[in-house]
Each structure stands twice: as C-alpha cells, then as structure tokens.
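Observations on the three-dimensional arrangement
Read off the chains here:
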Amino acid sequence: MTSIVPSDDKRGGDRVVLGLLTSVETDAGRSQRRIAAELGIALGLVNAYLKRSIKKGLVKVGQAPARRYAYYLTPRGFAEKSRLTIEYLSSSFSLFRQAKEDYGKVFCRAHALGLERIVLAGRSDLCEVAILCAVDSPIAIVAIVDPDASSSRFIGLKVVRSYVDIDEPFDGVVVTELMRAKAVFDEAVGLCGVQKVLAPDLLGLHGSQEGVVE
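Since the model is a prediction, treat every value here as computed from it, not as a measurement.

Concerning the overall build of the chain
Along the chain, the regular secondary structure elements total seven helices and eight strands. Here the chain holds 214 residues, and the buried ones make up 43% of them. A separation threshold of at least 6 residues defines the contact pool for the chain, and within that pool the share at least 24 residues apart is 59%. As presented, the chain carries roughly 11700 Å² of accessible surface, and 54% of it is formed by carbon and sulfur atoms.

Some remarks on the sheet that holds strand β6 (residues 157-160)
In spatial order, the strands read β5-β6-β4-β3-β7-β8; together these six strands make up an open sheet with mixed pairing. Edge strands, defined here as strands with exactly one partner in the open sheet, are β5 (153-154) and β8 (197-198). Examined bridge by bridge, strand β4 (residues 140-145) and β6 share two bridges and lie parallel to one another. Note on β6: the bridge partner recorded for Ile144 is Val159.

Description of the environment of Gln32
Its location among the elements puts Gln32 in helix α2 (residues 32-39). Sequence spacing of Gln32 and Tyr69 is 37 residues, and the spatial spacing of their C-alpha atoms is 9.7 Å. Residues contacting Gln32, with those up to four places away along its chain left out, are Leu43, Val46, Asn47, Leu50 and Tyr71. Only 3.1 Å separates the side chain of Gln32 from the side chain of Asn47, close enough to count as a polar contact.

Let's talk about a positive patch on the surface
On the surface, a cluster of positive charge is made up of Arg52, Lys55, Lys56 and Arg76. Turning to its location among the elements, Lys55 is positioned in helix α3 (residues 43-55). On the basis of relative accessibility, which here comes to 78%, the residue Lys55 falls in the exposed class.

Some words on α3
For α3, which comprises 13 residues, the first-to-last C-alpha distance of 18 Å matches the rise-based estimate of 18 Å (1.5 Å per residue) to within 8%. Every buried residue of α3 is accounted for by Leu45, Val46, Ala48, Tyr49, Leu50 and Ser53. Two residues or fewer after α3 comes Gly57, characterised by a positive phi angle close to 85 degrees.

What about the pattern of salt bridges?
Inspection of the entire model under this criterion finds 11 salt bridges. Asp201 serves as the salt-bridge partner of Arg109, at 3.8 Å between the closest nitrogen and oxygen. One end of the pair, Arg109, is in helix α5 (residues 92-112); the other, Asp201, is in the segment after β8, and 92 residues separate them in sequence. One salt-bridge network, in which partners are shared between bridges, spans Asp27, Arg30, Arg34 and Glu38.

Details of unusual backbone geometry
Not every positive phi belongs to a glycine, and Ile155 is a case in point at roughly 50 degrees. Residue position: Ile155 is located in the loop between β5 and β6.

Concerning the packing of α2 against α3
Put simply, α2 and α3 touch, their axes get as near as 8 Å, and they point 110 degrees apart. The orientation of α2 with respect to α3, classified from their angle, is roughly perpendicular. The segment α2 lies against α3, with Gln32, Arg33, Ile35 and Ala36 engaging Leu43, Val46, Asn47 and Leu50. Looking at the contact of α2 with α3 residue by residue, the classes come out as five nonpolar, two polar and one charged.

Notes on the environment of Gln195
Structurally, Gln195 can be placed in the loop between α7 (181-192) and β8. The spacing of Gln195 and Leu113 is 82 residues in sequence and 8.8 Å in space, taken between C-alpha atoms.

Criteria and cut-off values
Residues numbered from 1 in each chain as written. Predicted model: local features only at pLDDT ≥ 70, side-chain atom pairs only at ≥ 80, totals over all residues. Heavy atoms only, no water. Helix = DSSP H or I, 4+ residues; strand = E, 2+ residues; numbered from the N terminus. Buried < 20%, exposed > 50% of the residue type's maximum accessible area, 1.4 Å probe, protein only. Contact = heavy atoms within 4.5 Å. Areas by Shrake-Rupley, 256 points an atom, 1.4 Å probe, with all protein chains shown as cover. Pairing = 2+ DSSP bridges. Polar contact = N/O pair within 3.5 Å; in protein donor to acceptor, adjacent residues only side chain to side chain. Patch = residues over 30% accessible without salt bridge, like charges linked within 9 Å, V, L, I, M, F, W, Y side chains within 5 Å. Salt bridge = Lys/Arg side-chain N within 4 Å of Asp/Glu carboxyl O. Lys, Arg positive; Asp, Glu negative; His and termini not counted. Charge placed at Lys NZ, Arg CZ, Asp CG, Glu CD. Expected span 1.5 Å × (residues − 1). Axes fitted to C-alpha atoms, helices over the stretch in contact; angles between N-to-C directions. Parallel < 35°, antiparallel > 145°, perpendicular 65-115°, else oblique. Nonpolar A, V, L, I, M, F, W, Y, C, P; charged D, E, K, R; others polar.

Structure representation (structure tokens):
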C-alpha cells in the first residue's frame, strides 16, 4: 500500500514531524484530532505520521483512560525533536528574509484593498516580523489573536484569545501563525470572508490572495 505521507516535500514533512513530536511531548493524552487541528493538517495525515514515528522508534503508545491511547516520546524521539529544532532554527535567517519581503507585500495589498486596521492571527515568529513590517506601512495593528496566549501584551500590542475579545473595529486579518496556518486562515475566513484575510506567500495558503488589487 502506498503511504499517504508526501515524500517530495521533506522540509514540510520535517515541520509536521517537529510539530507532532512537540505536541506529544506537551500532552501525551492529546487526541489525533486535536493534533490535526493544531498543525492545520488532515486527521489521516496525523495518523500516517504517528504510525511512521512509532515504526521509527520516536514515539511509543500507552493505554489511557476511557479506552484511549497515550503517546510518549522515546529517548530517540527526544533526540530527533532536538535535531529538527536546531535545523529549523538554522534556517530561521532565510525565513526571516522571506517573511519580511512577503509581509511588506501583504500590507501593500491590504492598503490597496482599503484594509488599514488589521488583526494579526497567531503569535509565532512570523508575528514579530509582521509587526516590524507594519511600522513602515500605513497599516495599524489593532490586536493579535492567539488562543494559547499566556500574556495580554506582545511588543506593546494587545493579545487576545478570540476575535470576540477584540474591543476595537478592524478591517481585516493577516495570518501570522506558522505551525497551524491553514486552520488559522480558515477560521479567519469563516469570520471575515476570504477577501478580508491575507497571508504571506511563504505559507502556501491557496485562496489567500483572492480579492487582491495589483
């Protein structure tokens, strides 16, 4: 049987594995469905990556209450997570340069569409890059939405857990989440409509450029 795990996108695959191992380390009892939602990928893909990780000895399976399974990192899994983290950080400079260029374009698009008061969706490394780019644009950042936020401020901006917690009017949303980009994009589109949600090209979100004025 052919694996459904893509073999032609090693970088994307490594990112999923890193996210999967990080999620398992954080909460052994976390369901595959929740992991899929966090990573913004299909449930079947999470299952395939989990099986591969178990086969490689990175993850072991244990019994949990209510007939559920728990997943634990093995020593080999911890080592692989460290390797992938280092690899990810080593490419961060290239990511920063691309992200800076992409967010500059995104804010130009937003301005052309009349979207001047923007909410950033996700507090990842991309969020900081986007904030820096906004300084040199006519865009005003109203707030940052992050459901896992542990503080109410980030680089002087308000951080909220949900769009309903934003107490100021805003025109659109720019995606700044890295690991769960697709899920964050879809949520924003459901709330605001696709023409008011923009994302940088580096995230590869199909449909994110709809409504763009050149």
